[in-house]
Amino acid sequence: MTEIEAKFLLHDGAQVSQVLDLVQAEGFGIEEAATLDILDRYFDTSDWRLYRAGWAYRWQNSSGRLKLALKSLSRSDSAVQVREETEQLVNEFPASPGEYPEGPVSDLLQPVLKTRVPEELFRVHKDRKRYFLRNGTGTVIELALDRTHIRSARIPEPGVSGEIRFWELELEMMEGDPSPLHQLVDALQDRLALLRARLNKYERGLQASTLLPPRKPLVTALAVVHAGDPLVRLAYRALADQLQGLLENESATWEGIDPESLHRMRVAARRLQEAFRLFRPVLPPRALASFRRDFQWLARILGAVRDLDVYQQNFERYAVLIPPEDSVHLQVYRQALGRQWEKARHQLEATLSSRRYERLLRRFARFLERGPSKRALESGRPQPVFLTAPRMINRRTRRVLRRGRAVQRNATPQALHQLRIRCKRLRYACEFFQPVYGERFGPFIVRLKVIQDILGEHQDACVASERLRAYADRVPFRMKNRGLLVALGQLVSSQQHLAAAKREMLLRAWKRFDKKKIRQKLKQAFYELGYRKETEDEPPSAIPRPTPNGGPGASSPPVPPHGGGA
């Protein structure tokens with residue numbers, strides 16, 4: 001069965017009245033239908049057989065009406081989507097996901113799954129209010145307003161909620177000519193400025209559950225990089241990975257339902273900036289300058305929304321800690337934050353739909369697809385990855401250690417912020433080399449991330465204090481504003497105490513990080529890979545053996561330049 005539909009995201013259910021007014025203005029009669037309580041459960045195997053075959057498999061209970069369904073995952077850039085769906089009514093759901101009652105869904109499932117048993121991925125609960133729209137030409141469209149709650153079927157990772165909630169408006173073609181549907185969709189976008197949904201509920205379920213189906217590398221030629229390859233190949237691989245991460249989160253960032261998608265997209269843009277900086281010696285200068293400028297522009301737009309997301313979340317968390325008689329005065333401040341957020345969101349939506357952004361993606365994808373030039377790969381005897389990694393990582397490690405050891409209890413916020421930047425750059429550099437070194441950097445990155453997270457929370461508290469003070473300075477000192485000023489003062493005090501607590505945490509975390517044995521693991525990783533590369537083509541009798549402590553002995557092969565002293 002072919003399904004023709006269009007979906008929009010709403011701020012809340014109150015917007016549907018505007019939609020119905022427009023529908024009538026477009027010449028449709030409106031017939032209210034029964035509301036439905038719908039629960040969808042989605043399944044796939046651990047190796048994503050159905051996803052790779054292009055299907056989403058679900059069990060649906062629609063107010064007691066049970067059915068199995070397979071729905072195609074293909075999507076287009078159009079507001080109106082055309083997708084294939086196969087459904088099968090059942091009296092009861094199978095006893096396990098591995099049982100398939102006879103019918104059209106089973107006929108499609110069994111050749112794909114064979115003996116593999118699907119597992120439940122997530123659940124989608126929809127409270128659906130429905131209307132049928134009819135015009136004089138025989139066109140019938142179902143308009144559905146869904147209050148949707150998606151929840152992961154698995155225990156979420158620490159710091160991840162595993163669920164999202166949103167309002168969605170769906171228009172589905174039931175009978176007749178689809179042309180009026182296209183016209184209605186255009187009117188909803190042009191006259192009501194509704195935000196078109198870019199993801200379907202299956203994709204949002206994966207997003208909420210932090211599930212990552214298999215993905216094809218953006219540039220297949222860069223999928224594998226070896227230790228002996230020139231550094232420029234790893235540079236292109238790192239850039240391609242970040243572009244892929246940026247694109248994977250673009251649609252969810254556009255929709256704005258899950259702030260974590262925006263965070264991941266911003267991180268990808270930031271990692272691109274660091275990759276440009278780290279690999280600058282081996283990248284073409286003119287292209288590098290252009291791409292750095294454009295991705296800085298994108299990161300700035302993403303950062304404006306992300307910073308307000310974080311700030312509003314933290315604000316609400318700490319506002320409940322002050323006395324209720326004082327916190328009630330903060331409503332005007334909440335409204336000011338909301339206006340700032342809406343302005344930043346509108347700028348982000350304009351950016352993601354702009355020609356500049358589209359051109360940037362096309363240019364950068366072509367640049368990566370072409371790959372390193374023959375001259376870059378051959379001229380000047382480019383050093384391999386295993387020789388350049390120690391120098392690059394150790395240089396950044398020394399900078400972090402120098403700044404971190406200088407940090408005292410009364411360190412300024414600026415000094416701690418600079419340490420955070422150095423930690424972030426070191427962590428990103430280690431992660432860029434992971435395609436070659438695997439998990440050898442894992443323990444070092446984990447310790448580094450603890451430091452970075454503490455410094456990030458400290459910076460958030462400092463920025464919050466600055467925002468609160470700046471807003472308070474603009475509030476007229478009058479009796480009617482006394483409650484607001486008192487509440488703002490208490491929030492400033494809470495953020496100052498939080499920043500002090502984070503500085504204490506940093507001192508303890510730094511002692512655990514600044515240990516010789518932690519840096520020794522980095523040295524060992526560099527040595528192991530360099531030793532293997534230096535000796536892999538030697539006959540067994542010619543290979544020197546490492547000493548029992550894992551370091552090079554008197555007869556050991558040469559350690560890569562700057563391989564020690566991290």
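Here the structure is shown first, and the text comes after it.
Residues numbered from 1 in each chain as written. Predicted model: local features only at pLDDT ≥ 70, side-chain atom pairs only at ≥ 80, totals over all residues. Heavy atoms only, no water.

Before going further, it helps to examine the overall build of the protein chain. Along its length, the protein chain carries 19 helices and 10 strands. Reported as C-alpha extents along the three principal axes, the dimensions of the protein chain are approximately 90 × 75 × 50 Å. Expressed as a percentage of the 566 residues in the protein chain, the buried residues total 51%. Considering only contacts in the protein chain between residues 6 or more positions apart, those separated by 24 or more positions represent 73%. (Helix = DSSP H or I, 4+ residues; strand = E, 2+ residues; numbered from the N terminus. Buried < 20%, exposed > 50% of the residue type's maximum accessible area, 1.4 Å probe, protein only. Contact = heavy atoms within 4.5 Å.)

If you trace the backbone, histidine 149 turns up in strand β8 (residues 140-152). For histidine 149, the side chain forms a polar contact with the side chain of glutamate 163, separated by 2.7 Å. (Polar contact = N/O pair within 3.5 Å; in protein donor to acceptor, adjacent residues only side chain to side chain.)

Another aspect to go through is a positive patch on the surface. Judged by side-chain charge, Arg447, Arg508, Arg512, Lys515, Lys517 and Lys521 come together as a positively charged surface patch. Position of arginine 508 among the secondary structure elements: in helix α18 (residues 482-513). What makes arginine 508 partly exposed here is its relative accessible area of 48%. (Patch = residues over 30% accessible without salt bridge, like charges linked within 9 Å, V, L, I, M, F, W, Y side chains within 5 Å. Areas by Shrake-Rupley, 256 points an atom, 1.4 Å probe, with all protein chains shown as cover. Salt bridge = Lys/Arg side-chain N within 4 Å of Asp/Glu carboxyl O. Lys, Arg positive; Asp, Glu negative; His and termini not counted. Charge placed at Lys NZ, Arg CZ, Asp CG, Glu CD.)

All right, on to the environment of isoleucine 257 then. Mapping isoleucine 257 onto the fold places it in the loop between α7 (250-255) and α8 (259-278). The residues contacting isoleucine 257, other than those within four sequence positions of it, are Leu9, Ile164, Arg165, Phe166, Arg204 and Ala252.

Attention now goes to the nonpolar core. Counting residues in hydrophobic clusters, the biggest one holds 99 residues, and the most contacted among them are Leu246, Phe279, Phe364, Phe433 and Tyr437. In contact with phenylalanine 364, other than residues within four places in its own chain, are Leu239, Leu243, Leu272, Phe276, Phe291 and Phe295. Core analysis: the second largest hydrophobic core is formed by 26 residues, Phe8, Val19, Met173 and Ala187 among them. (Core = buried A, V, L, I, M, F, W, Y, C linked by side-chain atoms within 4.5 Å.)

Looking now at the pairing of strand β3 (residues 36-44). Successive residues of a regular strand alternate their side chains across the two faces of the sheet. Of the strand pairs in this sheet, β3 and strand β7 (residues 119-134) are connected by 9 bridges, and their pairing is antiparallel. Across the sheet, tyrosine 42 pairs through a bridge with phenylalanine 122, a residue of β7. Looking at chain direction, β3 and strand β4 (residues 55-62) are connected through 6 bridges and run antiparallel. The partner of isoleucine 38 across the bridge, within β4, is serine 62. (Pairing = 2+ DSSP bridges.)

Scanning all chains against the criterion turns up 44 salt bridges. We note a salt bridge from lysine 71 to glutamate 3, for which the minimum N-O separation is 2.7 Å. With lysine 71 in strand β5 (residues 65-72) and glutamate 3 in strand β1 (residues 2-10), the pair connects residues that are 68 residues apart, well separated along the chain. Given a relative accessible area of 11%, lysine 71 falls into the buried group. Accessibility expressed as a relative area gives 5% for glutamate 3, which makes it buried. Across the salt bridge formed by glutamate 168 and arginine 204, the nearest N and O atoms sit 3.1 Å from each other. With glutamate 168 in strand β9 (residues 163-175) and arginine 204 in helix α5 (residues 201-209), this pair connects stretches of sequence that are 36 residues apart. Summarising the burial analysis for this pair, glutamate 168 and arginine 204 share the class buried. Residues participating in the shared-partner salt-bridge network are Glu3, Glu5, Lys7, Lys71, Arg83, Arg128, Asp146, Glu168, Glu170, Lys201, Arg204 and Glu255.

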